[in-house]
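Given next are the chains, with one letter for each unit.
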Amino acid sequence: MDYRLCATLDTGHMQMSRRIAAFLLVVAAFMIFEWINLGFNLADGHAAAFYVVHGILIGVNILIALALGVIGWRALRRR
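Treat the numbers as computed from the prediction; the structure is a model and nothing was measured.

Student: Got a minute to help me understand the overall build of the protein chain in this structure?
Tutor: A tally of regular secondary structure across the protein chain gives two helices and zero strands. In the protein chain, which comprises 79 residues, the proportion classed as buried is 14%. A separation threshold of at least 6 residues defines the contact pool for the protein chain, and within that pool the share at least 24 residues apart is 74%. For the protein chain, the accessible area works out to roughly 6,800 Å², and carbon and sulfur atoms hold 67% of it.

Shown next, in the form of structure tokens:
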């Protein structure tokens, strides 16, 4: 018997249409624009925790947008 701690599964390369790849790029650009715009439009007068939470939300969503953009860009370049 072959006991392994980590089994690997080779699924090959996934295929993505150009339309989906372009859609991911558009969504990524929109997310970056929208969250940076929100960051500049936060009103003054809130508690510090408000700004910390919204800063974390903005940072996480920009990272998600960058990941979507990279996936979309690589899919467009692969075709």
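Student: Whenever I open this one, the packing of helix α1 (residues 18–41) against helix α2 (residues 48–78) confuses me. Can you help?
Tutor: The description of two helices packed together rests on the angle between their axes and the distance between the axes. The geometry of α1 relative to α2 is characterised by a closest axis approach of 8 Å and an angle of 155° between their N-to-C directions. The orientation of α1 with respect to α2, classified from their angle, is roughly antiparallel. Considering only the axes of α1 and α2, their crossing is left-handed. For the contact of α1 with α2, the residue count by class is 21 nonpolar, four polar and one charged.

Student: What am I meant to see in the environment of Leu 63 here?
Tutor: Counting through the fold element by element, Leu 63 comes out in helix α2. Along the sequence, Leu 63 and Ala 28 sit 35 residues apart, while their C-alpha atoms lie 9.6 Å from each other.

Student: Could you clarify how one ought to interpret the environment of Tyr 51 in this entry?
Tutor: Take Tyr 51: it is sitting in helix α2. For Tyr 51, the contacting residues outside a window of four places in its chain are Leu 42, Ala 43, Asp 44, Gly 45 and His 46. A distance of 2.4 Å separates a polar atom in the side chain of Tyr 51 from the backbone oxygen of Ala 43.

Student: Looking at this model, I keep getting lost on the environment of Arg 78. Mind explaining?
Tutor: Mapped onto the secondary structure, Arg 78 falls in helix α2. The exposure class assigned to Arg 78 is exposed, which follows from its relative accessible area of 60%. Residues Arg 78 and Met 16, spaced 62 residues apart in sequence, show a C-alpha to C-alpha distance of 9.5 Å.

About the thresholds
Position numbers for residues start from 1 in each chain and track the written sequence from start to end. Owing to the predicted nature of the model, reporting of local features is limited to residues with pLDDT of at least 70; listing and counting of side-chain atom pairs is limited to 80 or more, with chain, interface and lining totals taken over all residues. Computation of side-chain values: all heavy atoms of the structure, hydrogens and water removed. Only DSSP runs of H or I reaching four residues or more are called helices, and only runs of E reaching two or more are called strands; each is numbered from the N terminus. A 1.4 Å probe rolled over the protein chains alone gives each residue an accessible area, and that area as a share of the maximum for its type sets the label: buried under 20%, exposed over 50%, partly exposed in between. Throughout, a contact is declared for two residues whenever any of their heavy atoms are within 4.5 Å. Areas reported here follow the Shrake-Rupley algorithm with a probe of radius 1.4 Å; residue values treat only the protein chains shown as occluding. Orientation is described by axes fitted as lines to C-alpha atoms, over the contacting stretch for helices, and by angles from 0 to 180 degrees between their N-to-C directions. Here is the rule for angles: anything less than 35 degrees is roughly parallel, anything more than 145 is roughly antiparallel, 65 through 115 is roughly perpendicular, and the remaining ranges are oblique. When the near helix sits turned anticlockwise from the far one by under a right angle, the crossing is termed left-handed; a clockwise turn instead gives a right-handed crossing. Gly is placed with the polar residues, together with every amino acid not listed as nonpolar (Ala, Val, Leu, Ile, Met, Phe, Trp, Tyr, Cys and Pro) or charged (Asp, Glu, Lys and Arg). Here a polar contact is taken to be a pair of N or O atoms separated by no more than 3.5 Å, where protein atoms must pair a possible hydrogen donor with a possible acceptor and residues adjacent in sequence count only if both atoms sit in side chains.

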